[in-house]
Structures are given as C-alpha cells and as structure tokens.
Amino acid sequence: MGGIDVRDILAEIVEKKKGIVADAKRQMPLDEVKRALVCGNFEMAHRFRERKWNLIAECKLQSPAKGRLCRRYSVTELARIYEDNGASMLSVHTDPHFLGCNEDFRKVRAEVSLPLLRKDFIIDAYQIYEARMLGANAVLLIARILTPETLKKFLYTAWSLGMDALVEVHDRRDMEAALAMPAEFIGINNRNLVSFTTSIEQTMELLPYADKKRTLISESGIFTGEDARRLRAAGCDGILIGEGLVRADDIAAQTRLMAAAGAEQQDMD
C-alpha cells in the first residue's frame, strides 16, 4: 500500500457507508424491513458447539488493498464449493469495496444451508435488521469503528433477532473493548492497520490477552495448513479465510485442508 494509512481507508469506507445506509432506508424504511424478516435461531452458535474446529469460508472476490482476487468463480459458485468441502459457515460480503451486494447474499442464502455471516461495515442498527431480512445468521461488528455504547447496543440488537455477532478486534485496545462486552465470538483480524500487511503473528500476540472462555477466531492472512494448526494449538476455535481460499489453485482441496487442519491438531492434543 506504499505508506497509505489504512485508518484513512477505514474512514473513507465508513463515510461512504453512511450514504449507502441512507439510500437503503429511503428505498425500504426500517418498519418495512422488520415486517419482512423472520427471527433466526442462533445457527452460528449451534454450529460452533457441534464442532471443536470451524472454518468460516469467505466468498471474497475483491479487496480494497489488492484489487480483484478471484475471476474464475461467482460468489454462489464459491459458496457451493465451500459447503461441499467442509466449511462450517460462510462469510458473504455486501460492501461494494469487496464487490459485494445484497443480491449476492440473497443468492447464496438460496443456494446453501450453512450459516451465513454478513460481512460489512455496520454503523447503523438498520443494517442488522436488513442482514436478518437477507437471511444472515450472524453479523460482523468491528470494534474499531464503534463506540462501546454502540457496540453493546448492536450486540443486543443482533441477539434480539436470533443472530450471533462476531466482534472483530485489531489490537489490545480493541480486545479490551470486546471483552467488556458479553460477546461470545471474538475475531482477531491479522491485518496490520498501518502497513495493511497480514500475519497470523497478530493473533499470536493478542491471544494471551483474550478470554479463552469466549469463542476465538483468527481472521485473514491464513494460507497454509501449518498456519491453521498453529492457530488451533495456540487456542483459536476457528479461522475465517478469504484470500487464502480464493487464490488457491484448487479451492476445493484448500477448503478441505483448512477445515481439517485444526481438527487434526485437536486429535493430537
């Protein structure tokens, strides 16, 4: 990224998101969204309790930092590959910076039975209701862009709709904010917010400050079975992978590898 401060990128995305949410509210007011949704049943929590190790496979076509990542498959084709090869759950982008959109989410929901995480920059409670209307079983809440009061409010909003929430942290300050909440799922994003590089060492550095009673998920920068095994051995309960799957020569085989790697480590413990 050549010295560009990623905080500026986050701020830019959030600023654009305000306009996107405002447009969505005009097209479909919150009252209509509420009438159109049916509450969920905490499918993410149920799935994670069934398995000791969980892969959240991300249907990711593009990133703001690296541009287009996958041209071979559509979002729905990726979703089917992931489901057929051992993923516990799918992450589907609805933000345009990742070539995501609500319609793609609807298509994936119609194609697969796995729990779905809506991957977006949630800054307004409207987006949580909208996520459930689209068929999401969980939402991503980024600690860095939310005040503690808003984060707590959004957690309870998601739970009121039968959805789980993955609270994402990047550093110790974020971790402290997440641990101050009754969040069950905490995701440690391995992306450095200054250099925009990814390394699982970020997870390794933050795990000692985490509450091992929570469900801990390492996100991004995970490319090999050895990465997955190290994370499992260090105390992670699962991994969320996008680029590490979509750029693989054989996406199906890579999905099987990552879904099994942590479980293999569990058998060795």
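Refer to the structure printed above.
Residues numbered from 1 in each chain as written. Predicted model: local features only at pLDDT ≥ 70, side-chain atom pairs only at ≥ 80, totals over all residues. Heavy atoms only, no water.

Student: Would you take a moment to explain the packing of aromatic side chains for this structure?
Tutor: Working definition: an aromatic ring pair is given by the centre-to-centre distance plus the angle between the planes. The final tally for this structure, using the stated rule, is two aromatic pairs. Here the aromatic rings of Phe 48 and Phe 185 are separated by 5.3 Å at their centres, their planes lie at 75 degrees, and the arrangement is edge-to-face. With Phe 48 in helix 3 (residues 43-50) and Phe 185 in strand 8 (residues 185-189), this pair connects stretches of sequence that are 137 residues apart. One exposure class covers both Phe 48 and Phe 185, and it is buried. (Phe/Tyr/Trp six-rings, centres within 6.5 Å; stacked < 30°, edge-to-face > 60°. Helix = DSSP H or I, 4+ residues; strand = E, 2+ residues; numbered from the N terminus. Buried < 20%, exposed > 50% of the residue type's maximum accessible area, 1.4 Å probe, protein only.)

Student: What should I look at first to understand the sheet that holds strand 4 (residues 89-93) in this one?
Tutor: If you trace the eight strands once around the closed barrel, you get 1-4-5-6-7-8-9-10, paired in parallel fashion. When the angles between neighbouring strand axes are averaged without regard to direction, this sheet yields 25 degrees. (Pairing = 2+ DSSP bridges. Axes fitted to C-alpha atoms, helices over the stretch in contact; angles between N-to-C directions.)

Student: What is the right way to look at the pattern of salt bridges in this model?
Tutor: Between side chains of opposite charge, pairing is possible as soon as their charged atoms come close. Enumeration over the complete set of coordinates arrives at 19 salt bridges. Linking Asp 120 and Lys 17 is a salt bridge whose minimum nitrogen-to-oxygen distance equals 2.7 Å. You can see Asp 120 sitting in the loop between strand 5 (116-119) and helix 6 (125-134) and its partner Lys 17 sitting in helix 1 (residues 6-27), a full 103 residues away along the chain. Each member of the salt-bridge network shares a partner with another, and the members are Lys 17, Asp 95, Arg 118, Asp 120 and Glu 130. (Salt bridge = Lys/Arg side-chain N within 4 Å of Asp/Glu carboxyl O.)

Student: Would you mind showing me how to read the environment of Pro 208 here?
Tutor: Its place among the elements puts Pro 208 in the loop between helix 9 (201-206) and strand 9 (215-219). Residue Pro 208 is classed as exposed on the basis of its relative accessible area, which comes to 62%. Sequence spacing of Pro 208 and Ala 234 is 26 residues, and the spatial spacing of their C-alpha atoms is 9.3 Å.

Student: Explain the pairing of strand 7 (residues 164-169) here, please?
Tutor: Counting buried residues in strand 7 gives six out of six residues, a clear majority hidden from the surface. Going residue by residue along strand 7, you find Asp 164, Leu 166 and Glu 168 tucked away on one face and Ala 165, Val 167 and Val 169 tucked away on the opposite face as well. When strand 6 (residues 138-142) meets strand 7, the two strands line up parallel, connected through five bridges. Bridging across to strand 7, Leu 140 finds its partner in Leu 166. The β-α-β motif built from strand 6, the intervening helix 7 (residues 148-160) and the parallel element strand 7 has right-handed crossover chirality. Strand direction decides the pairing type here: strand 7 and strand 8, joined by four bridges, are parallel. Within strand 8, the residue paired with Val 169 across the bridge is Ile 188. (Right-handed = clockwise from strand over helix to strand, strands pointing away.)

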